[in-house]
Amino acid sequence: MTRSTRQRERLRETDEVETEDQEGVRACPECESDNLVKDSDRGELICEDCGLVVEEEKIDPGPEWRAFNHQERQEKSRVGAPTTQTMHDKGLTTTIDWKDKDAYGRSISSKKRSQMHRLRKWQERIRTKDAGERNLQFALSEIDRMASALGVPRSVREVASVIYRRALKEDLIRGRSIEGVATSALYAACRKEGIPRSLEEISEVSRVERKEIGRTYRYISQELSLEMKPVDPKKYVPRFCSELELSEEVQTKANEIIEKTAEKGLLSGKSPTGYAAAAIYAASLLCNEKKTQREVADVAQVTEVTIRNRYQEQIEAMGIHG
Amino acid sequence: MDTALDRTIRRDISREYFSRERLAEHHYRSFNAFLTRGMQEVVDEKATIDTDIGDKEGEEPVHVELGDVRVVTPRVREADGSEELLYPQEARLRNITYSAPVFMEMSIVKGEEGDQRVVDSTETKIGRMPIMVGSEKCNIAGFTDQELIDIGEDPADPGGYFIVNGSERVLMTSEDLAPNKILAEYDTKYGDEIQVAKTFSQRRGYRALVLCERTRNGLLEVSFPSVSGSINFVTLVRALGLESDEEIVHKVSNDPEVVKYMLENLEEAEVQTEEEAIEALGKRVASGQGKNYQLKRANYVIDRYLLPHLHEDGVEEEDVRINKAHYLCRMAEACFELALQRREADDKDHYANKRLKVSGDLMKDLFRTALNKLARDVKYQLERANMRNRNLSVSTVVRSDVLTERLEHPIATGNWVGGRSGVSQLVDRTDFMGVLSHLRRLRSPLSRSQPHFEARDLHATQWGRICPSETPEGPNCGLVKNFAQAMELSQNVEDEQELKRELASMGVQGIPGLEGTTRTPADD
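Residues numbered from 1 in each chain as written. Chains lettered and ligands numbered in written order. Predicted model: local features only at pLDDT ≥ 70, side-chain atom pairs only at ≥ 80, totals over all residues. Heavy atoms only, no water.

Undergrad: What is the right way to look at the overall build of chain A in this model?
TA: The helix and strand inventory of chain A stands at 13 helices and three strands. In terms of C-alpha radius of gyration, chain A reaches 27 Å, well past the compact-globule figure of 20 Å for 322 residues. With respect to the principal axes defined by its C-alpha atoms, chain A has extents near 75 × 70 × 45 Å. In chain A, which comprises 322 residues, the proportion classed as buried is 38%. Of all intrachain contacts in chain A linking residues separated by at least 6 positions in sequence, the fraction that spans at least 24 positions is 60%. Across chain A, the centroid of the 56 positively charged side chains sits 8 Å from that of the 58 negatively charged ones. (Helix = DSSP H or I, 4+ residues; strand = E, 2+ residues; numbered from the N terminus. Rg over C-alpha atoms; globule rule 2.2 N^0.38 Å. Buried < 20%, exposed > 50% of the residue type's maximum accessible area, 1.4 Å probe, protein only. Contact = heavy atoms within 4.5 Å. Lys, Arg positive; Asp, Glu negative; His and termini not counted. Charge placed at Lys NZ, Arg CZ, Asp CG, Glu CD.)

Here you go:
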């Protein structure tokens, strides 16, 4: 009785915070299992193994209304789009709606309509304030353009925008072209998200040369201490195989070859695209869907010589008669 | 006793008919026509993207020429970059859009007239176009029943809808008054009954209402977009090139009573010559501006906003104005005939005066706006790249998201260009009949809250075309209709000039003094 429930909860919560991992995956304080389940009916976080109630009276962050179809949901919802880093204003500015109708749904007079048109125009212009924001706007639209040309998903765009914003804050853009830094940010984001695009592919959609992209990337990743693991050639396999129209079988075989030979250390120091290309070539031969070295080289944008060399090394290591 | 065809024979004919023609055939015909011809027509209309580069000193003008457009079958691009054929069931399950990449040839051309060189020319992907399930470019077109089952589709599914973000959406066929036709009717203004002749003049997605009305004084007035209020008929006709009194009276009609009315009108005329008329028009449209600007504006308004449909491909520019004058005289004649009760007011519910906009037409309007937006974006990117002295290349200048977004968003929400909403609806999957009924539905754009008694009535011309019994109860009774069982929708003519030549060869005479095409003498 010395402490109220509220204070006890607060103490317990602070305890919880200490036992939490950095990633937010928690362990049960009593039995150390990570099998924690949310029970939304009672607002509790419980351990499935020992039954401990880890958290209770969790506040439900959802809406206070229910909706039974899409239209109802649109009407009742009071929130808008989620904030995004891909827009220079993070999606936070508002625009005047395009419909020329007043609050009652009636059409407005033509004088008001032209006034609204002018207001919209000025609202659009006011969105971008100073040079820094304009820089950001241009860079973000470049990232957007390149990302859609490459066909990478939204999440990569967000990561690339975040990297660029950090670079802008650390003033790394000085002396470099905006496009260069934007391209390197996108390259870094692709690698980080596990869907790497080779420098050649990125330079195709960028306004900057391959060498400059590489140089800028090295500089940026060093300054921002982006921890980049070396690219896994297996990530290139699905894309190249689909461009060459090879079957699933070839893909799996190529992955196998890469795994086995990488274990033996053949990968270190070699370009991952060339490595993957050679593995695909080998797999295509083994599965009787032969593609010439020329074709594979074109798709992977490496030289035939690279493929030939890697291929020789790989089949030696695999112990297959070449 | 069945004096008509025996019931079993009728049933056999019906079955035979539906084994060939699919139930949503009008959707397919329209969309296929759009894919094969419509898209190319829209691109050809646009033809070039001009930029403002070259307006300054020391810069060569740059423009982009648009070439052939091509659509492939739907594919999906995964996160790892691989691309595969997309089938409808996968699109439904994964909540993605069943769309196909669109490629267009673009060339960046630098230089003045006569001294141009192509800087870069490629066929690039400009975006993705949602494809109708079961149409020509659909991946399951032509599959046998067993193949359909294997791929996860229902063989009995009629198709004819789009899949956008996983939901199946139908584009509602809507009915409108026929464009480019003169319709005469009575109207009341300040308590008096007046006669009005209307025409919806439509060209390339722009629809203008041109009105010619006979006021209570017997005077003719014309009104058209961009000009507030109405203009005196005689003034306008003189501005278009018909100067003398005899010409005007003659063009309207030869009937003595009509001539009498026309002479009354001519007495009240404010201008006598073409120049005076254009000046008067200029004062009207750009009052308070300099004389030059007034003339320029008057000419612009006449060419752009008055009867735009008369600017056809085979007609010379000089003739177009005279054609417009002739057309206005026809409208005046309609007014007078209505006043003299020689002609009945046109029935707006008669299906001869109506045209249907099916999915292909709606997609064409959408594609036109999307292409314009893409053109604006390309212009902006070119100007910016030029400002930073970068090499201009087609692949860095085109952003495929712009077009894709502009095509998918209206289908997903139902808000079409032109401010209409409710154009695309979620397919009613209550039961099989619900699907068929939904695909064969017809919407009228009239407001649901007004009574519109005549529009909601069953009209005699609906016989054989529109079901007399299938219509909802409640506020849209009679405004939402369904097609009859054996209804067939005719498509519009591809080449109007060929139609005119054909008619001329059959002996149809043109209006004297009006040469649309070279006339071939009648053979008989």
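There is more to say, and it comes next.
Undergrad: Which parts of the structure should I look at to understand the sheet that holds strand β13 (residues 220-223) of chain B?
TA: In sheet architecture, strand pairing relies on hydrogen bonds along the backbone and comes in two forms, parallel and antiparallel. Residue and element names in this part refer to chain B. An order of β10-β11-β12-β13-β14 is seen for the five strands of this open sheet, with the pairing classed as antiparallel. For this open sheet the edge positions go to β10 (182-189) and β14 (231-232), each flanked by a neighbour on one side alone. The sheet contact formed by strand β12 (residues 206-214) and β13 spans four bridges and is antiparallel. The partner of Leu211 across the bridge, within β13, is Ser223. (Pairing = 2+ DSSP bridges.)

Undergrad: Just checking my understanding: could you explain unusual backbone geometry for this structure?
TA: Generally, phi is negative for residues other than glycine and the peptide bonds are trans, each holding for most cases. Even without being glycine, Gln301(A) reaches a positive phi, approximately 55°. Looking at where Gln301(A) falls in the secondary structure, it is placed in the loop between α12 (293-300) and α13 (304-318). The phi dihedral of Asn95(B) falls on the positive side, at around 55°, and the residue is not glycine. Note that Asn95(B) resides in the loop between α3 (88-94) and β5 (99-110).

Undergrad: Which parts of the structure should I look at to understand the interface of chain B and chain A?
TA: It is common to report an interface's size as the accessible area lost on association of the parts. Taken together, the contact between chain B and chain A spans 18 residues of the former and 24 residues of the latter. Roughly 1700 Å² of surface becomes buried between chain B and chain A when both sides are summed, with 47% attributable to carbon and sulfur atoms. Put simply, chain B and chain A have one salt bridge between them. Of the charged contacts, one joins Arg157(A) and Asp401(B) as a salt bridge, the two residues approaching to 3.2 Å between their closest N and O atoms. Remark: the boundary between chain B and chain A carries eight residue pairs in polar contact (both at pLDDT 80 or more). Going through the elements one at a time, α11 (359-387), α12 (394-397) and α13 (400-413) of chain B are the ones with two or more residues in the side of chain B that touches chain A. (Buried area = accessible area lost by both parts, 1.4 Å probe. Salt bridge = Lys/Arg side-chain N within 4 Å of Asp/Glu carboxyl O. Polar contact = N/O pair within 3.5 Å; in protein donor to acceptor, adjacent residues only side chain to side chain.)

Undergrad: When you look at the packing of helix α8 (residues 274-285) of chain B against helix α9 (residues 291-305) of chain B in this model, what are you seeing that I'm missing?
TA: In a packed pair of helices, the relevant descriptors are the angle between the two axes and the axis-to-axis distance. Residues and elements named next belong to chain B. Taken N-terminus to C-terminus, the directions of α8 and α9 make an angle of 95°; their axes are 8 Å apart at the nearest point. As far as their axial angle goes, α9 and α8 are roughly perpendicular. Across the interface between the two elements, Ile278, Glu279, Leu281, Gly282, Lys283 and Val285 from α8 touch Lys291, Gln294, Leu295, Arg297, Ala298, Asn299, Val301 and Ile302 from α9. Here the contact of α8 with α9 is composed, by residue class, of seven nonpolar, three polar and four charged. (Axes fitted to C-alpha atoms, helices over the stretch in contact; angles between N-to-C directions. Parallel < 35°, antiparallel > 145°, perpendicular 65-115°, else oblique. Nonpolar A, V, L, I, M, F, W, Y, C, P; charged D, E, K, R; others polar.)

Undergrad: Before we go on, may I ask you to explain the sheet that holds strand β2 (residues 62-71) of chain B in this structure?
TA: Residue and element names in this part refer to chain B. Spatial ordering of the open sheet is given by β1-β2-β5-β6, a layout of four strands whose pairing is antiparallel. Strands with a single pairing partner mark the edges of an open sheet, and in this sheet they are β1 (48-50) and β6 (117-130). Across the sheet, the mean angle separating the axes of adjacent strands is 25° when strand polarity is ignored. As judged from the eight bridges shared by β2 and β5, these two strands associate in the antiparallel manner. In the strand pairing of β5, Arg70 is matched with Phe103.

Undergrad: Quick question: what am I supposed to make of the side chain of Thr97(B) here?
TA: All names here are of chain B. The topology assignment puts Thr97 in the loop between α3 and β5. At 3.3 Å, the side chain of Thr97 and the backbone nitrogen of Asn165 are in polar contact. Excluding its chain neighbours within four sequence positions, the residues that come into contact with Thr97 are Leu86, Ile163, Val164, Asn165 and Glu408.

Undergrad: Is there a simple way to explain the packing of helix α10 (residues 248-263) of chain A against helix α11 (residues 272-286) of chain A in this structure?
TA: Residue and element names in this part refer to chain A. Where α10 contacts α11, the axes come no closer than 8 Å and their chain directions differ by 125°. It follows from the interaxial angle that α10 and α11 lie oblique. Classified by chirality, the crossing of α11 by α10 is right-handed. Judged by residue contacts, Val250, Lys253, Ala254, Ile257, Ile258, Thr261 and Ala262 of α10 engage Tyr275, Ala276, Ala279, Ile280, Ala282, Ala283, Ser284 and Leu286 from α11. Across the contact of α10 with α11, the residue classes break down as twelve nonpolar, two polar and one charged. (Left-handed = near helix turned anticlockwise from the far one by under 90°.)

Undergrad: What am I meant to see in the environment of Gln272(B) here?
TA: Residue and element names in this part refer to chain B. Among the structural elements, Gln272 can be located in the loop between α7 (256-267) and α8. Taking the C-alpha atoms as reference points, Gln272 and Thr97, 175 residues apart in sequence, are found 62 Å from one another. In this structure Gln272 touches Arg238 and Glu243, once residues within four positions along its chain are discounted.

Undergrad: Help me understand the confidence of the model for chain B in this model?
TA: It should be kept in mind that the predicted coordinates are not to be read in detail where pLDDT is low. Residues and elements named next belong to chain B. Counting all residues, the mean pLDDT for chain B is 87, and 96% of those residues have values of 70 or more. Low confidence marks residues 516-524, where pLDDT is under 50. Its contacts with residues over four positions away, or in another chain, come to eleven contacts. Both scores are available for the predicted complex, with the pTM at 0.84 and the ipTM at 0.74. (pLDDT = per-residue confidence, 0-100.)

Undergrad: Is there a simple way to think about the packing of aromatic side chains in this case?
TA: All chains considered together, the criterion is met by eleven aromatic pairs over all chains. A centroid spacing of 4.9 Å and a plane angle of 85° characterise the contact between Tyr187(A) and Tyr217(A), whose relative ring orientation is edge-to-face. Taken as a pair, Tyr187(A) in helix α6 (residues 178-192) and Tyr217(A) in helix α8 (residues 210-223) lie far apart in primary sequence, 30 residues in all. Tyr187(A) sits in the buried class, given a relative accessible area of 8%. Judged by its relative accessible area of 10%, Tyr217(A) falls in the buried class. When the centroid spacing of 5.1 Å and the interplanar angle of 85° are considered together, the rings of Tyr17(B) and Phe18(B) count as edge-to-face. A relative accessible area of 26% places Phe18(B) in the partly exposed class. (Phe/Tyr/Trp six-rings, centres within 6.5 Å; stacked < 30°, edge-to-face > 60°.)

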